[in-house]
Amino acid sequence: CDLMNQGILALVSSIGCTSAGSLQSLADAMHIPHLFIQRSTAGTPRSGCGLTRSNRNDDYTLSVRPPVYLNDVILRVVTEYAWQKFIIFYDNDYDIRGIQEFLDKVSQQGMDVALQKVENNINKMITGLFATMRIEELNRYRDTLRRAILVMNPSTAKSFITEVVETNLVAFDCHWIIINEEINDVDVQELVRRSIGRLTIIRQTFPVPQNISQRCFRGNHRISSSLCDPKDPFSQSMEISNLYIYDTVLLLANAFHKKLEDRKWHSMASLTCIRKNSKPWQGGRSMLETIKKGGVNGLTGELEFAENGGNPNVHFEILGTNYGEDLGRGIRKLGCWNPVTGLNGSLTDRKLENNMRGVVLRVVTVLEEPFVMVSENVLGKPKKYQGFSIDVLEALATYLGFKYEIYVAPDHKYGSPQDDGSWNGLIGELVFKRADIGISALTITPDRENVVDFTTRYMDYSVGVLLRKAEKTVDMFACLAPFDLSLWACIAGTVLLVGLLVYLLNWLNPPRLQMGSMTSTTLYNSMWFVYGSFVQQG
């Protein structure tokens, strides 16, 4: 309160969207320039704040950070990659409504998109998947993970990638996109080191002067080397919000200096925590216009404001790797994106080079129709093979330029572990390096994956049961279905026999008590008495 009583020239806030609304109301009511710097939780990607904009003459809030363009960037990248089916992972702190516009557009284009929240305990989450899903469901889930977008903070992304790689939920043909404004160079290297397959990283970037001697100078202002040097560990660990705070203070200092030079200085706004009748600052509009007309070239590049009170200057950098099995492989810049020019660069995959000319590969196989079959077997000549797998092998050989020799596994088996730890069959030929490639209708199992590398499966096989469709007919005697015909005959015979015996006993020795309302001395009543005993009715 003491500081507020001494006077206020401007409010600078680096908070979340919820608190920003309250400060916006205060700034608008008291005519105090409010420079709002949106801050996300723990490095989680931002969602749009949606601050209420009133009449421009009554709006004193300026948004220092540019608008959230994640929807536009993701849509452009996904379209460039021609994805049609993928899954989006997001952490607990991210507001999924932030990409609602992107979800609506991809839905209109017919893309198949799934959403899944990543819990704080990632290990428990992955363990739960293995405990609740059947093998067929896990296989379908693995197929879904081949294309994924991660909208989360770098720390959660690192842990999540580590878990799915170690549990073999992803293969080397996967392609993941990680998008977050708060990703530094250290995070990039760590994400690449932990991932497999192809990885694309989208982050916000700032222009760096090419002249190294000028990197720490912004006009007459000199910036500390720990902030302006992109290789300095301190600058690497700084959040983007803090960079905007630095530039905002620099912008305000220039605005105050200009007011002093123009001799248009007004008394400062005074607020009190006790009195409720504080009057709006008369010099607020003039100070706001001076801030809006000014600009500064700082750590975040050009900081200036458009007519709507927002900062239009933003640049995204798109980094990526190629498909590969090597952990820690290199990453390169694929392109950049900004709201004015859109995507600059190419995201297309690098084609495989025909660098296997003259190489002869030994291929081991096991005959299995229709994948591998003998098409020609002439005495004294090598056997010729045909089938679906052979067609795939031939296409690869034509594209890459290698030649191959095929032979059948000596024991005609696919391969299983032996008591001494060795392998037989096709797998054994690969393990002992007698063959370079194995090709057949081979089932992928965890034990086999531990000793050899598999390509992506091209067929899922499961056992099915075929039943004849039941005919729907109306049967008047369906009530007899619970018992066999012979049992019904025995029941009827028992009623007749016991009824006859009861009648004879009554006839030979008439009873002193009545059964029902009359003396049961007739054969008719005896039969009904026995039948009533069976059905437990009178």
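Quick caveat: nothing in here was measured; it's all calculated off a predicted structure.

Q: Sorry, what's going on with the overall build of the protein chain here?
A: Each helix and strand counted, the protein chain has 17 helices and 20 strands in total. The 538 residues of the protein chain split such that 39% are buried. Here the analysis covers contacts within the protein chain between residues at least 6 apart in sequence; of these, 67% occur between residues at least 24 apart. Put simply, the protein chain shows about 32000 Å² of open surface, and 54% of that area lies on carbon and sulfur atoms.

Q: What exactly am I supposed to notice about the sheet that holds strand 5 (residues 112-118) here?
A: The strands that make up a sheet pair up through hydrogen bonds in the backbone, lying either parallel or antiparallel. Read across the sheet, eight strands follow the order 5-4-6-7-8-13-14-15 without closing on themselves; strand pairing throughout is mixed. If you trace the sheet from one side to the other, it starts and ends with strand 5 and strand 15 (342-345), each paired once. For this sheet, the mean angle separating the axes of adjacent strands, direction not counted, is 20 degrees. Where strand 6 (residues 147-151) lies against strand 7 (residues 175-179), four bridges are found, and the strand directions are parallel. Bridging from a neighbouring strand, Ile 149 pairs with Ile 177 of strand 7. Against the sheet, helix 8 (residues 185-194) makes contact with strand 7, strand 8 (198-204) and strand 13 (316-320), and its axis sits at roughly 165 degrees relative to strand 8, the strand it touches most.

Q: I keep staring at helix 8 and nothing clicks. Help me out?
A: Since the α-helix turns once every 3.6 residues, residues separated by three or four places project in the same direction. Of all the positions in helix 8, only Asp 187, Val 188, Leu 191 and Val 192 are classed as buried. Taken down its axis, helix 8 places every buried residue within 130 degrees of arc, on the same side. Against helix 7 (154-166), strand 7, strand 8 and strand 13 lie the buried residues of helix 8. The N-capping residue of helix 8, defined by a side-chain oxygen 3.1 Å from the backbone nitrogen of Val 186, is Asn 184.

Q: Teacher, can you tell me more about helix 11 (residues 240-261) here?
A: Under the 1.5 Å per step criterion, the end-to-end length of helix 11 is 32 Å for 22 residues, consistent within 8% with the ideal 32 Å. Along helix 11, the positions that sit buried rather than exposed are Ile 240, Ser 241, Leu 243, Tyr 244, Asp 247, Thr 248, Leu 250, Leu 251, Leu 252, Ala 255 and Lys 259.

Q: Whenever I open this one, empty space enclosed by the protein confuses me. Can you help?
A: One simple way to see leftover space: roll a probe sized like a water molecule over the atoms. Tallied over the entire structure, the rule returns one cavity of 30 Å³ or more. Approximately 50 Å³ is the volume found for the largest cavity. Lining the largest cavity are Ile 161, Val 164, Val 165, Val 170, Cys 174, Trp 176, Ser 195, Ile 196 and Arg 198. Residue contributions to the lining of the largest cavity peak at three residues, all from helix 7. Grouping the constituent residues of the lining of the largest cavity by class yields seven nonpolar, one polar and one charged.

Q: Can you walk me through the environment of Leu 251 in this structure?
A: The residue Leu 251 is located in helix 11 in this model. Sequence spacing of Leu 251 and Ile 291 is 40 residues, and the spatial spacing of their C-alpha atoms is 7.4 Å. With residues near it in sequence (within four places) discarded, Leu 251 still touches Leu 35, Ile 291, Gly 294, Gly 295, Val 296, Leu 303 and Phe 305.

Q: Any chance you could explain the sheet that holds strand 2 (residues 34-36) here in plain terms?
A: Reading across the sheet, the three strands line up as 1-2-3 and stay open at both edges, with parallel pairing between neighbours. The sheet is open, and its two borders are formed by strand 1 (11-13) and strand 3 (61-63), each paired with just one other strand. The sheet shows a mean angle of 20 degrees between the axes of neighbouring strands, taken without regard to direction. In this sheet, strand 3 lies alongside strand 2 in parallel orientation, the contact comprising three bridges. Counterpart to Leu 35 in the pairing with strand 3 is Leu 62. Set on the sheet, helix 2 (residues 17-30) makes contact with strand 1, strand 2 and strand 3; between it and strand 2 the angle comes to about 160 degrees.

Q: How do you make sense of the pairing of strand 6 when you look at a structure like this?
A: When a strand is regular, its side chains alternate between the sheet's two faces. The element strand 6 is extensively covered by neighbouring structure, given that five of its five residues are classed as buried. Taking every second residue as pointing to the same face, both faces of strand 6 are buried, with Arg 147, Ile 149 and Val 151 on one and Ala 148 and Leu 150 on the other. By the bridge criterion, four bridges tie strand 4 (residues 85-91) to strand 6 in an arrangement that is parallel. By the bridge assignment for strand 6, Phe 89 is matched with Leu 150. One crossover worth recording links strand 6 to the parallel strand 7 by way of helix 7, and it is right-handed.

Q: Even after reading the chapter, I still don't get the environment of Asp 247, so can you show me in this structure?
A: Looking at the secondary structure, you find Asp 247 in helix 11. For Asp 247, a relative accessible area of 0% gives the class buried. Not counting residues within four places of it along the chain, the set of residues in contact with Asp 247 comprises Val 296, Gly 298, Leu 299, Thr 300, Gly 301 and Leu 303. In terms of polar contacts, Asp 247 uses its side chain to reach the side chain of Thr 300, at 2.5 Å.

Q: What should I look at first to understand the packing of aromatic side chains in this one?
A: Centre-to-centre distance and the angle between the planes together describe a pair of aromatic rings. Under the defined criterion, the tally for this structure stands at 13 aromatic pairs. Seen in terms of ring centroids, Tyr 69 and Trp 337 are 5.7 Å apart; in terms of plane orientation they differ by 55 degrees. Their pairing is tilted. Remark: Trp 337 occurs in strand 14 (residues 332-338) and Tyr 69 occurs in the loop between strand 3 and helix 3 (70-81); sequence separation between them is 268 residues. Taken individually, Tyr 69 and Trp 337 each receive the classification buried, so the pair is uniform in this respect. Grouped by ring-pair contacts, the aromatic residues Tyr 81, Trp 83, Phe 86 and Phe 102 constitute a single cluster.

Q: Where do I start with the packing of helix 3 against helix 4 (residues 100-108) in this structure?
A: Between two packed helices, what matters for the description is the angle formed by their axes and the separation of those axes. Interhelical geometry of helix 3 versus helix 4 gives an angle of 30 degrees and a closest axis separation of 8 Å. By the angle class used here, helix 3 and helix 4 are roughly parallel. In this structure, the crossing between helix 3 and helix 4 has a hand that is right-handed. Of the residues in helix 4, those in contact with Asn 71, Ile 74, Leu 75 and Val 78 of helix 3 are Gln 100, Glu 101, Phe 102, Lys 105 and Val 106. Considered class by class, the residues forming the contact of helix 3 with helix 4 number five nonpolar, two polar and two charged.

Q: Sorry, what's going on with a nonpolar patch on the surface here?
A: There is a patch of nonpolar side chains on the surface, built from Leu 497, Val 498, Leu 500, Leu 501, Leu 504, Trp 507, Leu 508 and Leu 523 and spanning about 770 Å² of accessible area. Take the nonpolar patch: its biggest share by element is seven residues, from helix 16 (residues 485-508). Take Leu 523: it is sitting in helix 17 (residues 523-535).

The rules behind the values
- Residues numbered from 1 in each chain as written.
- Predicted model: local features only at pLDDT ≥ 70, side-chain atom pairs only at ≥ 80, totals over all residues.
- Heavy atoms only, no water.
- Helix = DSSP H or I, 4+ residues; strand = E, 2+ residues; numbered from the N terminus.
- Buried < 20%, exposed > 50% of the residue type's maximum accessible area, 1.4 Å probe, protein only.
- Contact = heavy atoms within 4.5 Å.
- Areas by Shrake-Rupley, 256 points an atom, 1.4 Å probe, with all protein chains shown as cover.
- Pairing = 2+ DSSP bridges.
- Axes fitted to C-alpha atoms, helices over the stretch in contact; angles between N-to-C directions.
- Arc of directions from axis to C-beta.
- Polar contact = N/O pair within 3.5 Å; in protein donor to acceptor, adjacent residues only side chain to side chain.
- Expected span 1.5 Å × (residues − 1).
- 1 Å grid on protein atoms, 1.4 Å probe; cavity = no way out; pocket = protein on both sides within 12 Å on 5 of 7 lines; lining within 4 Å.
- Points joined across faces, edges and corners; volume = space filled by probe spheres on them.
- Nonpolar A, V, L, I, M, F, W, Y, C, P; charged D, E, K, R; others polar.
- Right-handed = clockwise from strand over helix to strand, strands pointing away.
- Phe/Tyr/Trp six-rings, centres within 6.5 Å; stacked < 30°, edge-to-face > 60°.
- Parallel < 35°, antiparallel > 145°, perpendicular 65-115°, else oblique.
- Left-handed = near helix turned anticlockwise from the far one by under 90°.
- Patch = residues over 30% accessible without salt bridge, like charges linked within 9 Å, V, L, I, M, F, W, Y side chains within 5 Å.
- Salt bridge = Lys/Arg side-chain N within 4 Å of Asp/Glu carboxyl O.

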